[in-house]
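Breakdown of the fold
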6 protein chains.
Amino acid sequence: MSRPDRRLASELRPVRIQRRVLRGVPGSVIIETGHTRVLCTASVTDEVPAWRAGRGTGWLTAEYDMLPASTGQRRERNRGGRLDGRTQEIQRLVGRCLRAVVDLDALGERTIWIDCDVLQADGGTRTAAITGAYVAFRDAVDWARRNLGLSGDPVCGQVAGVSVGIVEGQPRLDLCYEEDSAADVDLNVAMLDDGRFVEVQGTAERRAFTSRELDRMVRMAASGIRQLHAIQRRALSSGRTLRGRRRRR
Amino acid sequence: MSRPDRRLASELRPVRIQRRVLRGVPGSVIIETGHTRVLCTASVTDEVPAWRAGRGTGWLTAEYDMLPASTGQRRERNRGGRLDGRTQEIQRLVGRCLRAVVDLDALGERTIWIDCDVLQADGGTRTAAITGAYVAFRDAVDWARRNLGLSGDPVCGQVAGVSVGIVEGQPRLDLCYEEDSAADVDLNVAMLDDGRFVEVQGTAERRAFTSRELDRMVRMAASGIRQLHAIQRRALSSGRTLRGRRRRR
Amino acid sequence: MSRPDRRLASELRPVRIQRRVLRGVPGSVIIETGHTRVLCTASVTDEVPAWRAGRGTGWLTAEYDMLPASTGQRRERNRGGRLDGRTQEIQRLVGRCLRAVVDLDALGERTIWIDCDVLQADGGTRTAAITGAYVAFRDAVDWARRNLGLSGDPVCGQVAGVSVGIVEGQPRLDLCYEEDSAADVDLNVAMLDDGRFVEVQGTAERRAFTSRELDRMVRMAASGIRQLHAIQRRALSSGRTLRGRRRRR
Amino acid sequence: MSRPDRRLASELRPVRIQRRVLRGVPGSVIIETGHTRVLCTASVTDEVPAWRAGRGTGWLTAEYDMLPASTGQRRERNRGGRLDGRTQEIQRLVGRCLRAVVDLDALGERTIWIDCDVLQADGGTRTAAITGAYVAFRDAVDWARRNLGLSGDPVCGQVAGVSVGIVEGQPRLDLCYEEDSAADVDLNVAMLDDGRFVEVQGTAERRAFTSRELDRMVRMAASGIRQLHAIQRRALSSGRTLRGRRRRR
Amino acid sequence: MSRPDRRLASELRPVRIQRRVLRGVPGSVIIETGHTRVLCTASVTDEVPAWRAGRGTGWLTAEYDMLPASTGQRRERNRGGRLDGRTQEIQRLVGRCLRAVVDLDALGERTIWIDCDVLQADGGTRTAAITGAYVAFRDAVDWARRNLGLSGDPVCGQVAGVSVGIVEGQPRLDLCYEEDSAADVDLNVAMLDDGRFVEVQGTAERRAFTSRELDRMVRMAASGIRQLHAIQRRALSSGRTLRGRRRRR
Amino acid sequence: MSRPDRRLASELRPVRIQRRVLRGVPGSVIIETGHTRVLCTASVTDEVPAWRAGRGTGWLTAEYDMLPASTGQRRERNRGGRLDGRTQEIQRLVGRCLRAVVDLDALGERTIWIDCDVLQADGGTRTAAITGAYVAFRDAVDWARRNLGLSGDPVCGQVAGVSVGIVEGQPRLDLCYEEDSAADVDLNVAMLDDGRFVEVQGTAERRAFTSRELDRMVRMAASGIRQLHAIQRRALSSGRTLRGRRRRR
């Protein structure tokens, strides 16, 4: 019943958040959680989609994709005109999570584009994307305040995400791919720094789950996300790359 | 703080499940929950997708769509080659829920196609689709046992779904469109007849939600789904159309 | 040489037109001709396509589709970005027929959207769509006069359609699917209430047809359509659903 | 009431059919009717579509398109993945007309591809395509008999097409673009050399038409097509290009 | 080592440029080089693409395609929504070459559309397209000066193109298809009448090439293009079709 | 006339090639040339495309794309079903260059997939892609020899690429974006380690170029590529990341 990398059931993988990885991009972050590595960028444009124009309010949208080699086995690109369902689902999730921490009125008629591109996939890419995107977003907003005359701060919260699963009957935090493939139940959670939830998505992969299991998984996720919030804050408070320590609890 | 149709916070809308609404289709159901009306069909083909062929096991897949006039305002058809994200998300949800109650090995190399087409939309179409699709699915399996020589019963559970939301600070069961548009939080739940969950999807629409609110909403959903299970069973035990009574609790 | 349902060669199937089947839609009709069942809706928007804008005149357009289970065997949805030819042909036909009875100048800069979705297909879906769409269209125009301040009446005629075929050497009115599949010749006709034709489309399916056969089929169609006009009128004059009697001639 | 080119109401435009216009193509024809010019080719492949394979029988299919400059005003190419409805309608029509004169069993498991590309459009392109395609098809079948060991003759009839319209109250044969744009009624007819019809497609463009007008237009079309049959035969009997004489009647 | 048509290594195929082949099109040319035949048209519209609007300057764009039968074996049309790479590459090349000889400011806010459609392909279609398109373009500009009030002459050079290849170790000018298929190296060159190059595209098809071979091929191309410039000029100075003589050098 | 980064006209930007940047991918490289950064991977599958199957020979194909934030300004993803022309052109170029150094017979029925994804674009991405892809390809072949039982060495050459342009009248090696935008002429060259060329693509961006300028640019490119060959070899001979020194000449 031990985990592939010998972590405790309630232990996160090592997390590392590198900021400013691309020149000339308002926010650009590489987040690593274990072997999962996601490039998250935040760009700002002076327009909103046509259906929101003229209201003096902004917009935030997100796109997610995986590079073809990110899974080891080559994966076809999303080029056929029809986006696969998983990709679409994830980018909608990321968009909702980030919109939960932005005051669109304070943003003015601007759009923030979040792009999350998975360089290497080892489980948990969607929640790593949320966690990394927040940092890129925070940087992009600061850039817009310095460079686009954005006054006030449209950032109204801090968000991070993590996955929990039931593997071999046991709830485990932050599954790697090997565990994810064997999980009976899969739960993705995004939470604010005030402890309130933005998304709770639990799915029976191999078997259904009880109310008690749901409760236990949600608590495990919340505890993991609190650690991720701290890692985000440290990354943002430092000019340098920060490596999140493993923390046993 | 009263609801538009004066229901109690924990009260379902009237539910009606009509079976055998189309001739020559193994399973065909119209489910009405309040003004929401969804046509759910289940068809059976003697093939599985190429990527599953040759394993002696079956497949179940679902598609969801809304007729153009179903929302009152005309809505463009999904014909442009790119399925909108909401549609794709919902049909993936319906597929997962129904796969949770089918033993694909017992099905043999056959595919069950679930099609959920919304005739009229007044909130809760995705959970109505799950609830109705189960009945069509059950009928289609029985048809296949009589007509395709399917032996044994691949149905291994009963599933239904319902939505819950927080509106004006109050958790409410089975939102209609007017409430849905005003909801702060939106939760969709699918549950088996043994009380275990298949899907729990909670989303902050206007504000984040606490762990306690999540818990309360999940319990409200579970109670509603138990009633839906009973309505499904009565529909299936009768040759006739059944109208679910309002039940106050 | 008798017909599958023992009708006379020149006899229509039973026709039933239900109005107001969807709440909040200006015109919504379910037309049944035998086992064929088509949902026809008419919606009104306050815009015209860009290529017609600014002329003070309106537009009417139609879409047609079949629900996946409508044919018994599951049929793939038109989602691939490329509409199949038959669908496109039919929706163009329906559009032309309805435009023949609307005065677009009297409509003003509005668009009427006709949507015909086949719930169950048993032959003659395209002509049932025309016949049902007229009733939905008439209702939608009346709605627009009451609710959008449309003055005058842009409806300038009444249109209905029917199919005729040559089966086993014999011209027959209103083919069901079984006959349609065996027909040598197929003719679809749409006609106004003044007896003039809007569309006459005759096609050699298995063998070519003589001028005399064409003439005979056209007359048989005209006679059937006169009955359909009466059924449309009765449906419109009543608040209730009307069932068209079989009428032998 | 005289026609733009001073023809009689029942007179065809000058017709010219050039054979063997492309090297190395089994059948290749340029047909000119007045200023309308269509390149029609017939190619033969040793396969049939997957859905017809293994029956020992052949297939014939047709595609139609207009070159961008063919209408004088540049017209966008059909490249967007969605074929426009008119193009699809016409190529289906051409395919049906040619399938009416081929014995697919005698063809064996081969496909004949008809391609009709409008070089210059001045009305009547769809019927010119039918008339020209027949000649290319006849040549391609003869080529296949000489080169692919096709025994017997799968050609079982001769087909040509023409348009008729009602312009300024008068039925006229073979409309040019100027007349076509002003026509109240438009009728396209394809007929075999035994006088039987393959397609009769009459449409009210500006006003509906009576049974008597239909009859008159159909007879006018039949007379024109008999002349086209003669021109096709002369083109085929000669190695050289033939120019169809104007013939007054 | 002799060429299939016994030409000298440095000899062009016979070239023929027919102007005014389509009525009502500002510029329309059929260019034949050997058996290769390309229809080149130039149309003028009074708009520029949105991304160039409002600058008072014009645009020129080109499209290229092959008719399905042009290669002898039937080739699928570019209709699937995804243009094949070769087609896209060629039309970008043709566009760049023609933009090299137009002063877009002098053109005003107009677009020139170049369309090159290969009627018959026997090698060298892309360079024939460039050479023919120049003549159509020149005619279209003159037409616009006469008919659209374009003042001044936006044509600022003369461009033509030719291919060279290394076949059996020998550089050869203007490859036909048979040679092209066997070529080790393939070079396409477009050059102005002042001897300067617009495009030089050399590709190793079967083996890489030395600097010396490149040099020799470029010189051979330049000599061929000078002859094409003369043929273009003669075509333009005559009202009639001109046939380019073979010229041995 | 000095360059933005003060390089000599014939000087490369600093080049750095990191190997093994992704776990579990046969070949994965990040190449940096100045600020341009491209992730190049090489994957191996045990199949060839259907049109090459059954010949016992392999295939190599390449895809290229830019991440949305790679250019500073956000760039839309290639998801619409229609690949933009520049992207398609570049990936075809990369594919041809790598196919020039692989013996497809020696590869057996396997496909090598080259993926080049631009992380940061500052000019020269297509040639950096070629140079980096070669290293990933070399690693992937070695991996296949160790892991897939590939015997012999299908690598039959070494290839690298560089751009040259004429800026302010002066030929310059390896343009950065700022120079590229201002260049009159643009030349991309790919060359083998024996000094022979695989691709030479020169384009007049703002003005045409003389034969002499072409010659000078080609020599400048050749000299730059010889340095890149050395940097590739050093990267491959070391287990570690290598940083190419600036070398003045």
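Along each chain, residues carry numbers from 1 onward, in the same order as the chain's sequence is written. Each chain is given a letter, starting from A, and each ligand a number, starting from 1, according to the order in which they appear as written. In keeping with the predicted nature of the model, local features appear solely for residues at pLDDT of at least 70, side-chain atom pairs appear and are counted solely at 80 or more, and the whole-chain, interface and lining totals rest on all residues. The side-chain numbers reported here are obtained from all heavy atoms of the structure, hydrogens and water having been left aside.

**A look at the interface of chain F and chain A**
Under the convention used in this document: The criterion used for residue contact is that any of the two residues' heavy atoms lie within 4.5 Å. Here the buried area means the combined drop in accessible surface, using a 1.4 Å probe, for two parts upon being joined, counting both sides. By definition here, a salt bridge exists when the distance from a side-chain nitrogen of Lys or Arg to a carboxyl oxygen of Asp or Glu is within 4 Å.
The partner chain A presents 32 residues to the 32 residues of chain F that form the contact. Roughly 2,700 Å² of surface becomes buried between chain F and chain A when both sides are summed, with 48% attributable to carbon and sulfur atoms. Remark: the boundary between chain F and chain A carries 14 salt bridges. Of the charged contacts, one joins A:Arg77 and F:Asp117 as a salt bridge, the two residues approaching to 2.9 Å between their closest N and O atoms.

**Details of helix 3 (residues 125–147) of chain B**
All names here are of chain B. What counts is decided by this rule: By definition, any uninterrupted DSSP run of H or I lasting at least four residues is a helix, any uninterrupted run of E lasting at least two residues is a strand, and each is numbered from the N terminus. Every helix has an expected span of 1.5 Å times one less than the residues it contains. Between buried and exposed lies partly exposed: a residue is buried under 20% and exposed over 50% of the maximum accessible area for its type, with that area taken using a 1.4 Å probe on protein chains only.
For helix 3, which comprises 23 residues, the first-to-last C-alpha distance of 31 Å matches the rise-based estimate of 33 Å (1.5 Å per residue) to within 8%. In terms of burial, helix 3 is a largely internal element, 18 of the 23 residues being buried. Downstream of helix 3 by one or two residues, Gly149 has phi in the positive range, about 70°.

**Focus: the arrangement of the chains**
Contact between chain A and chain D is absent, and the minimum C-alpha spacing across the pair is 10 Å. Regarding chain B and chain E, which are not in contact, the minimum distance between any of their C-alpha atoms is 10 Å.

**Considerations on the sheet that holds strand 9 (residues 197–204) of chain C**
The line we're drawing: A strand pair is defined by DSSP finding two or more bridges across the two strands. Axis definition: a line fit to C-alpha positions, over the contact stretch in the case of helices; interaxial angles, taken between N-to-C directions, run 0 to 180 degrees.
Taken in spatial order, the 8 strands make up an open sheet running 7(C)-6(C)-8(C)-9(C)-9(D)-8(D)-6(D)-7(D), and their pairing is antiparallel. Each of the sheet's edge strands pairs with one partner strand only, and the pair in question is strand 7 (170–173) of chain C together with strand 7 (170–173) of chain D. Pairwise comparison of adjacent strand axes, ignoring direction, gives a mean angle of 15° for this sheet. Pairing between strand 6 (residues 159–167) of chain C and strand 7 of chain C: 4 bridges, direction antiparallel. Considered in strand 7 of chain C, the bridge of C:Val167 is made with C:Gln170. In the packing of helix 3 (residues 125–147) of chain C onto the sheet, the strands contacted are strand 6 and strand 8 (185–192) of chain C, and the crossing angle to strand 6 of chain C comes to about 165°.

**Here we look at the side chain of F:Arg13**
Residues and elements named next belong to chain F. Condition: Each polar contact in these results corresponds to two N or O atoms within 3.5 Å; when the atoms are within protein, one needs to be able to donate a hydrogen and the other to accept it, and residues that are neighboring in sequence are counted only if both atoms are side-chain atoms.
Within the secondary structure layout, Arg13 lies in the segment before strand 1 (15–19). There is a polar contact of 3.4 Å between the side chain of Arg13 and the backbone oxygen of Leu175. Dropping the residues within four chain positions of it, Arg13 is found in contact with Asp5, Arg7, Thr33, Gly34, His35, Thr36, Asp122, Gly123, Gly124, Asp174, Leu175 and Cys176.

**Considering the nonpolar core**
As a rule of thumb, soluble globular proteins bury nonpolar side chains together. Defined as follows: To define a nonpolar core, start from buried Ala, Val, Leu, Ile, Met, Phe, Trp, Tyr and Cys residues and group those joined through side-chain atoms within 4.5 Å.
Counting 139 residues, the largest nonpolar core has C:Leu98, C:Ile114, C:Phe137, D:Leu98, D:Ile114 and D:Phe137 as the members making the most contacts within it. Excluding anything up to four places from it in sequence, D:Phe137 contacts D:Ala42, D:Leu60, D:Leu98, D:Val101, D:Val102, D:Ile112, D:Ile114 and D:Val155.

**What to know about the packing of aromatic side chains**
To describe a pair of aromatic rings, you give the distance between the ring centres and the angle between the ring planes. Note the threshold: Within 6.5 Å between ring centres, the rings of Phe, Tyr and Trp (the latter by its six-membered ring) count as paired, and their orientation is classed by plane angle as stacked under 30 degrees, edge-to-face over 60, tilted in between.
In this structure the tally under the stated criterion is 18 aromatic pairs over all chains. Between A:Phe197 and B:Phe209, the aromatic rings sit 5.9 Å apart at their centres with planes inclined by 45°, giving tilted as the arrangement. Here B:Phe209 lies in the loop between strand 9 (197–204) and helix 5 (211–237) and A:Phe197 lies in strand 9 (residues 197–204), a pairing that spans two chains. Relative accessible area serves as the criterion here: at 2%, A:Phe197 is assigned to the buried category. Judged by relative accessible area, B:Phe209 falls into the buried class, the value being 0%. Each ring, one from D:Trp51 and one from D:Trp59, has its centre 5.1 Å from the other, and the planes form 75°; the classification is edge-to-face. With relative accessibility at 52%, the residue D:Trp51 sits in the exposed group.

**With respect to the sheet that holds strand 8 (residues 185–192) of chain F**
With respect to topology, 8 strands assemble into an open sheet ordered 7(E)-6(E)-8(E)-9(E)-9(F)-8(F)-6(F)-7(F), the strand pairing being antiparallel. Across the chains shown, the open sheet's two edge strands, defined by having one partner strand only, are strand 7 (170–173) of chain E together with strand 7 (170–173) of chain F. Looking at each pair of strands side by side, their axes are set apart by 15° on average, direction ignored. Sheet analysis places strand 8 of chain F next to strand 9 (residues 197–204) of chain F, joined by 7 bridges and oriented antiparallel. Along strand 9 of chain F, the bridge assignment pairs F:Asp186 with F:Thr203. Across the face of the sheet, helix 5 (residues 211–237) of chain E comes into contact with strand 6 (159–167), strand 7, strand 8 (185–192) and strand 9 (197–204) of chain E together with strand 9 of chain F while running at roughly 140° to strand 6 of chain E. Contacting strand 9 of chain E together with strand 6 (159–167), strand 8 and strand 9 of chain F, helix 1 (residues 85–99) of chain F crosses the sheet at an angle of about 155° to strand 9 of chain F.

**A closer look at the pattern of salt bridges**
Counting across every chain of the model gives 174 salt bridges over all chains. Of the charged contacts, one joins C:Arg196 and C:Asp194 as a salt bridge, the two residues approaching to 2.9 Å between their closest N and O atoms. On the basis of relative accessible area, C:Asp194 is assigned to the partly exposed category, the value being 44%. Across the pair F:Glu179 and F:Arg172 runs a salt bridge, and its minimum N-O distance is 2.9 Å. For F:Arg172, a relative accessible area of 2% puts it in the buried group. Salt bridges sharing partners connect three or more residues here, namely A:Arg3, A:Asp5, A:Arg7, A:Arg13, A:Asp122, A:Glu168, A:Arg172, A:Asp174 and A:Glu179.

**Topic: the pairing of strand 3 (residues 36–45) of chain F**
Residues and elements named next belong to chain F. For strand 3, the buried fraction is high: 9 of the 10 residues fall into the buried class. Across 7 bridges, strand 2 (residues 27–33) lies against strand 3 in antiparallel orientation. Paired with Thr33 across the bridge in strand 3 is Thr36. Connecting the antiparallel pair strand 2 and strand 3 is a turn made up of 2 residues, with Gly34 showing a positive phi of about 60°. As paired elements, strand 3 and strand 5 (residues 111–120) share 9 bridges and run antiparallel to each other. Its bridge partner lying in strand 5, Val38 is registered against Val118.

**Concerning the packing of helix 1 (residues 85–99) of chain A against helix 3 (residues 125–147) of chain A**
Two quantities define a packed helix pair, namely the angle between the helix axes and the distance between the axes. Residue and element names in this part refer to chain A. As a reminder, the rule being used: Between 65 and 115 degrees an angle is taken as roughly perpendicular, under 35 as roughly parallel, over 145 as roughly antiparallel, and anywhere else as oblique. With the far helix as reference, a near helix turned anticlockwise by less than a right angle produces a left-handed crossing, and one turned clockwise produces a right-handed crossing. When residues are grouped by polarity, Ala, Val, Leu, Ile, Met, Phe, Trp, Tyr, Cys and Pro land in nonpolar, Asp, Glu, Lys and Arg in charged, and all others, Gly among them, in polar.
It is at 10 Å that the axes of helix 1 and helix 3 come closest, and there the two elements cross at 40°. Relative to helix 3, the element helix 1 lies oblique. The element helix 1 and its partner helix 3 pack so that their crossing is right-handed. Where helix 1 approaches helix 3, its residues Arg86, Glu89, Ile90, Leu93, Val94, Cys97 and Leu98 are matched on the opposing element by Thr125, Arg126, Ala129, Ile130, Ala133, Tyr134 and Phe137. Among the residues making up the contact of helix 1 with helix 3, the classes are represented as 10 nonpolar, 1 polar and 3 charged.

**Quick notes on the confidence of the model for chain A**
Let me state the cut-off plainly: pLDDT measures the predictor's confidence residue by residue and takes values from 0 up to 100.
Model confidence for chain A is summarised by a mean pLDDT of 94, while 95% of its residues fall at 70 or above. For residues 241–249 of chain A, every residue scores under 50 in pLDDT, and the model assigns this stretch 28 contacts once sequence neighbours within four places are set aside.

**A few points about the relation of the copies chain F and chain A**
Two copies of one chain are present, and they are related through a rotation about an axis combined with an axial shift. Formally: Copy-to-copy superposition: least squares on the C-alpha atoms, limited to residues that have pLDDT of at least 70 in both copies.
Superposition record for chain F on chain A: RMSD 0.0 Å, screw rotation 180°, translation along axis 0.0 Å. In short, the pair behaves as if placed about a two-fold rotation axis. Taking C-alpha positions as reference, the residue of chain F nearest the rotation axis is F:Gly81, located at 1.8 Å. Same-surface contact between copies: 100% of interface residues of chain F are shared with the interface of chain A.

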